[in-house]
Amino acid sequence: MIRAMSNDASLPALTANDHLILVDGSTFIFRAYHALPPLTRKSDGLPVGAVSGFCNMLWKLLTEGLTPEKGDEPTHFAVIFDHSSKTFRNDIYPAYKAQRPEPPEDLIPQFGLIRQATRAFNVPCIEQEGFEADDLIATYATQAAAMGARVTIVSGDKDLMQLIGPRIGMIDTMKNKIIGEPEVFEKFGVGPDKVIEVQSLAGDSVDNVPGVPGIGLKTAAQLILEYGDLETLLANAASIKQPKRRENLIEFAEQARISKQLVTLKCDVPVETPVTHFAVEAVNGPQAVGFLKAMEFTTLTRRIAEATGAEAGNIDPAELTIPGWHAPDAKGRMMERGPDAGSSTPAAPGSTAPAAPGSAPAPEGMMTPQHLAAARAEEIRRIPVDHSTYETVMDIERLKVWVAEAMETGIVAFDTETTSLDAMQAELVGVSLATRPGRACYVPLGHVDGEGDLLGGGGLVPGQIPLRAALDVLKPMLEDPGVLKIAQNLKYDWQVMARHGIEVGPHDDTMLLSYTLDAGKGGNGMDELSERWLGHTPIPFKDVAGSGKSMVTFDKVEISRASAYAAEDADVTLRLWLVLKPRLAAEAMATVYETLERPMVPVLARMERRGISIDRQMLSRLSGEFAQGMAAVESEIYALAGEAFNIGSPKQLGDILFGKMGLPGGKKTKTGAWSTSVSVLDDLAAEGHELPVKIVEWRQLAKLKSTYSDALPGFINPETKRVHTSYSLASTTTGRLSSSEPNLQNIPVRTEAGRKIRKAFVAEKGNKLISADYSQIELRVLAHIADIPQLKKAFADGLDIHAMTASEMFGVPVKDMDPMVRRRAKAINFGIIYGISAFGLAAQLGISRGEAGDYIKMYFQRFPGIRDYMEAVKKEVHEKGFVTTLFGRKAHYPDVNTSNPSMRAFFERAAINAPIQGSAADIIRRAMLRMEDALVDAGLKIRMLLQVHDELIFEAEEAEVEAAIPVIRRVMEGACEPLLQLSVPLQVDARAADNWDEAH
DNA sequence: CCTGCCCCATA
DNA sequence: GTATGGGGCAGGA
């Protein structure tokens, strides 16, 4: 149909008072599809998630414009689509966008629907043969801007960023982000006017724009900033210093020019519909409502009916024309099971279900623990996982039935579903329970409907038990001393429940069971354990909530899908427990689990909840200082190098140092590139080169800025104003903890600049931070384990251990010792702990392999017990596949018997190190487990905040500091006892101050 | 957008 | 030579 007045000149041109909104319909479809909850469907199964997002956005933009404030509404509006995949660009470069994957199957019917939606809202729907939507948008935007009007492009497509200017803006509704010049700069490193120059160099693998090989966004921006544009750069390509880059720029010059043509948008498309025809017309209420009703968008239908005065009840759903779509027979999708689903008594789990533990059934009665454990594993493996047996609990009476069942059984696996991986911020969305294999339920508590996404709506899905009421029913069971609660990674669930006033206990943790039994054999995550022990692949999280950009929080997941996923988690957890728990006794690991692992959960959970204060202003000032320092060093570097380059790129740096400047490159990395690590740079610096010194300086500042001063403030919890790290109990082979998000176990300390970061960790007003650390704990453990008389005596006498070592080895007196000699001995001592090699020691000390070998030989002569210990450990690990710590913890090295000599040597060194590092880890764990009670018993309120392998950090009121320090020292120094009497004393140094740096 | 690589912060 | 976590870059899905 031809618009009646399509060439009517009487439609007025746009003026400065006009505001044109151009929606990039094509990319919107794809992005909405990925951003919105998966599997939103109409009752007949028609997938409509993208259409729903589109309609919401359209309505909001038409009525409000970009912001809810008045006066922002558009005067002109159009939605632009791609017409077909072939465009003039394919004539220039046939491969352009050639590798685009086919759109997902359930998206295909939505293409037509979105065009219908546009028409239903009375909005021009524009597409034109041979041109991409981007070219049409570019043309219309340029025309309107030339008339003086304001233009807003609604898209997240980076290719459109080249259009941004004084009158033309861009908004990404999916991210709710306005894209202006600063954002373009952030993305491309240049302003909008240079975007195409950068793109023509860097290329774009998504669209198959080739660019120039070896040049990414960073380098491209660097080059364009230096040369201004592509042609100038290509003209001067021969003078580029880096050989590889020069060659590529010359060889691929034509390819870059083609790329530029591909990315340059066409601003002069002979458009069929003039921009003046985009004047906004009132939405035809009945027409829009008819369409929305057909789509079953209830919320939006209501909203638009109200706004337009249309009588929704009297309007029939519109007829939809959907090519390629046939509604399936009215079988209906699986509905959530109602409150009465399932029988009122627990279903029999099947005759093969194991009896509850503790009540050893007669046939198994005479088996050894090992047989029992193996039989149990086989038994569990045979019960299939069946999602259809799970119940969705929507009714408080049913919940009470489940709780009663758990109380009666005495064992329940439970799992929480939340909105975040950060236990400190996660909102509870649901709880799942399992009482026997195959008997599990999910209790949704906080699911919302997804339609409110773009409008901020999204109320609770009706029918769920109110959160508070459900928790009141669950609490007595979760805290009942007679009911064992089992979880996978319990610390997380414990935290979430603690924030709702529930202290879960007693408990078991399948992740820790696995870690205790199998540390070093592989991961301890649930999916992995399920594969390993049950031969079952649980529903992947990404299948339920999506992944990456399109991931939704769990509260937006449809309840029936959430239910299958969540109930399965509890079911699998229970099964894993049934398999793993009997192994504790069979493999004599029950004590390790019960004294070193399980009780750590509440201790760490409390430490994480407390968090630590950081001084945001101080870090912000530091970021500024570091930035200034980097800028200063940067210009010196460019001057020394004779050109600008990306210092942060090891590849480019290597080209400059070893290519252009021809410095002798000592080492290469395993991929064959020049190594530019500090040790290499230091060597060059020692030869008198200035540039490497500056690089090291720049690197240090860059590291401190990006990893610490820039990143740490982002971890301040908005509610508590403190930083809450997360400790992992099960991610090292040796028994150490690890810390992440943020990692507070690698806060700088060695350099002056680094210690400024540490100063930003502060005590609250009226409080002090106390740092207490073990002195030389690993060497002391080594002295004990390997039973070395000289070492033991030195520690007993409180001597300087490295000086003593030097004295023994080189026969020099400790008094007035040359610091260099002591330094060598210190390096050797560390080397021993790491399973020394001549290669490593040589690298560390900057001496020859032969010389290092001589040192080691001499060391073993003086301390033969060390060599004996090392040989014994190697023998042990080859025979058993694991080694143990002083307290019985196992570290497995399943691949130690490999025939690859260097791999083998690596595992042997690791095995030598593990009992030392691991015993020290056990000791500080024991101290941590006793610390809280000891402090409370001493009448102190002081609390433990952090652990850094051999150091504990506390926060105490000033008045308590003096009394607290002796208690802390006593607990830490006596941590081995009474289980073990170490043959060397443990020594703890403790200090209090206003910040971490001064306390350390 | 994810992954491998390189480099670097700590004990 | 041991044990970690994390940031930036570049390349390939």
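Because the structure is a prediction, the values reported are computed rather than measured.

Looking now at the overall build of chain A. Regarding its fold elements, chain A presents 38 helices and 22 strands. Radius of gyration (C-alpha) of chain A: 34 Å, near the 30 Å computed for a compact globule of 1000 residues. Dimensions of chain A, computed from C-alpha atoms along their principal axes, come out at roughly 105 × 80 × 60 Å. By residue count, 51% of the 1000 residues in chain A fall in the buried class. A sequence separation of at least 24 residues applies to 69% of the contacts in chain A between residues at least 6 apart.

For the rest of this paragraph, the subject is the packing of helix 27 (residues 691-709) against helix 28 (residues 752-759). Running from amino to carboxyl end, helix 27 crosses helix 28 at an angle of 10°, the nearest separation of the two axes being 10 Å. Of the possible angle classes, the one that applies to helix 27 and helix 28 is roughly parallel. Judged by the sense of rotation from one axis to the other, the crossing of helix 27 with helix 28 is right-handed. Across the interface between the two elements, Gln700, Leu704, Tyr708 and Ser709 from helix 27 touch Ala753, Gly754 and Ile757 from helix 28. Looking at the contact of helix 27 with helix 28, its residues break down into four nonpolar, three polar and no charged.

What follows deals with the nonpolar core. In a soluble, globular protein the nonpolar side chains are often hidden away together inside. Ile757, Tyr774, Ile866, Ile923, Phe954 and Ile968 are the most contacted members of the largest nonpolar core, which has 203 residues in total. Element by element, the count of residues in this core is highest for helix 21 (residues 559-586), at 14 residues. Among the nonpolar cores identified, the runner-up in size contains 52 residues, and Ile153, Ile168, Tyr227 and Leu265 belong to it.

In the numbering used here, UniProt assigns the feature "domain: DNA-directed DNA polymerase family A palm" (unreviewed entry) to residues 754-960. Split by type, residues 754-960 is 60% helix and 14% strand. Its first and last C-alpha atoms lie 30 Å apart.

Our focus in this paragraph is the protein's contact with DNA strand B. DNA strand B sits among 23 residues. The nearest are Thr669, Thr671, Thr676, Arg699 and Val749. Near-protein atoms of DNA strand B (within 4 Å) split between backbone and bases, with sugar and phosphate holding 81%. Here a phosphate oxygen of DNA strand B sits 3.1 Å away from a polar atom, N or O, in the main chain of valine 678. A distance of 3.1 Å separates a base nitrogen of DNA strand B from a polar side-chain atom of asparagine 746. Examining the composition of the surface near DNA strand B, we find that three residues originate from one element, helix 27, more than from any other.

Under the defined criterion, the tally for this structure stands at 15 aromatic pairs. Seen in terms of ring centroids, tyrosine 638 and phenylalanine 645 are 6.0 Å apart; in terms of plane orientation they differ by 65°. Their pairing is edge-to-face. Judged by centre distance (5.6 Å) and plane angle (70°), the rings of phenylalanine 810 and tyrosine 855 are edge-to-face. Residue phenylalanine 810 is located in helix 31 (residues 801-810), and its partner tyrosine 855 is located in helix 34 (residues 849-862); the two are separated by 45 residues in the primary sequence. One aromatic cluster is present, built from ring pairs that chain together Phe541, Phe554 and Tyr565.

Moving on, we come to the sheet that holds strand 10 (residues 439-444). Through backbone hydrogen bonds, the strands of a sheet pair up, either in parallel or in antiparallel fashion. What the six strands build is an open sheet, ordered 7-10-9-8-11-12; its pairing is mixed. Since the sheet does not close on itself, it has two edges, and those belong to strand 7 (391-392) and strand 12 (507-509), each with one partner. By the bridge criterion, six bridges tie strand 9 (residues 428-436) to strand 10 in an arrangement that is antiparallel. Looking across to strand 10, one finds that valine 431 is bridged to valine 443. Each of strand 7, strand 8 (411-418), strand 9, strand 10, strand 11 (484-487) and strand 12 touches helix 21; the most contacted strand, strand 9, lies at about 45° to it.

Near DNA strand C you find 35 residues, and of these Ser205, Glu741, Ala827, Phe839 and Phe906 are the closest. In DNA strand C, atoms within 4 Å of the protein come 69% from sugar and phosphate. Here a phosphate oxygen of DNA strand C sits 3.4 Å away from a polar atom, N or O, in the side chain of lysine 218. Measuring from a sugar or linking oxygen of DNA strand C, one finds a side-chain N or O atom of asparagine 743 at 2.9 Å. Contributing elements (two or more residues each) for the surface near DNA strand C: helix 8 (217-227), helix 27, strand 15 (738-740), helix 32 (819-833), helix 33 (838-845) and helix 36 (901-937).

Let us now look at the sheet that holds strand 20 (residues 943-947). Pairing is antiparallel in the open sheet, where four strands are placed in the order 20-21-17-22. The strands lining the two open edges of the sheet, one partner per strand, are strand 20 and strand 22 (988-993). Pairs of neighbouring strands in the sheet enclose a mean axial angle of 25°, with direction left out of account. Here strand 17 (residues 767-774) pairs with strand 21 (residues 951-957) via seven bridges, running antiparallel. The residue of strand 21 that forms the bridge with asparagine 767 is glutamate 957.

To continue, consider the pairing of strand 5 (residues 168-172). Within strand 5, four of the five residues are buried, which leaves it mostly tucked inside the rest of the structure. Of the pairings in the sheet, the one linking strand 4 (residues 150-154) to strand 5 comprises four bridges and is parallel in character. By the bridge assignment for strand 5, valine 154 is matched with isoleucine 171.

Here we take up the pattern of salt bridges. Inspection of the entire model under this criterion finds 50 salt bridges. The salt bridge involving glutamate 879 is made with lysine 875; its shortest N-O contact spans 3.4 Å. One end of the pair is glutamate 879 and the other is lysine 875, both in helix 35 (residues 864-880) and four residues apart, which spans about a single turn. Residues glutamate 879 and lysine 875 agree in their burial class; the two are exposed. Each of the salt bridges in this network shares a partner with another, and the network as a whole consists of Asp518, Lys521, Arg583 and Glu587.

Scoring rules and cut-offs
Residues numbered from 1 in each chain as written. Chains lettered and ligands numbered in written order. Predicted model: local features only at pLDDT ≥ 70, side-chain atom pairs only at ≥ 80, totals over all residues. Heavy atoms only, no water. Helix = DSSP H or I, 4+ residues; strand = E, 2+ residues; numbered from the N terminus. Rg over C-alpha atoms; globule rule 2.2 N^0.38 Å. Buried < 20%, exposed > 50% of the residue type's maximum accessible area, 1.4 Å probe, protein only. Contact = heavy atoms within 4.5 Å. Axes fitted to C-alpha atoms, helices over the stretch in contact; angles between N-to-C directions. Parallel < 35°, antiparallel > 145°, perpendicular 65-115°, else oblique. Left-handed = near helix turned anticlockwise from the far one by under 90°. Nonpolar A, V, L, I, M, F, W, Y, C, P; charged D, E, K, R; others polar. Core = buried A, V, L, I, M, F, W, Y, C linked by side-chain atoms within 4.5 Å. UniProt positions renumbered as here; feature names shortened; annotations may be inferred. Near = heavy atom within 4 Å. Polar contact = N/O pair within 3.5 Å; in protein donor to acceptor, adjacent residues only side chain to side chain. Phe/Tyr/Trp six-rings, centres within 6.5 Å; stacked < 30°, edge-to-face > 60°. Pairing = 2+ DSSP bridges. Salt bridge = Lys/Arg side-chain N within 4 Å of Asp/Glu carboxyl O.

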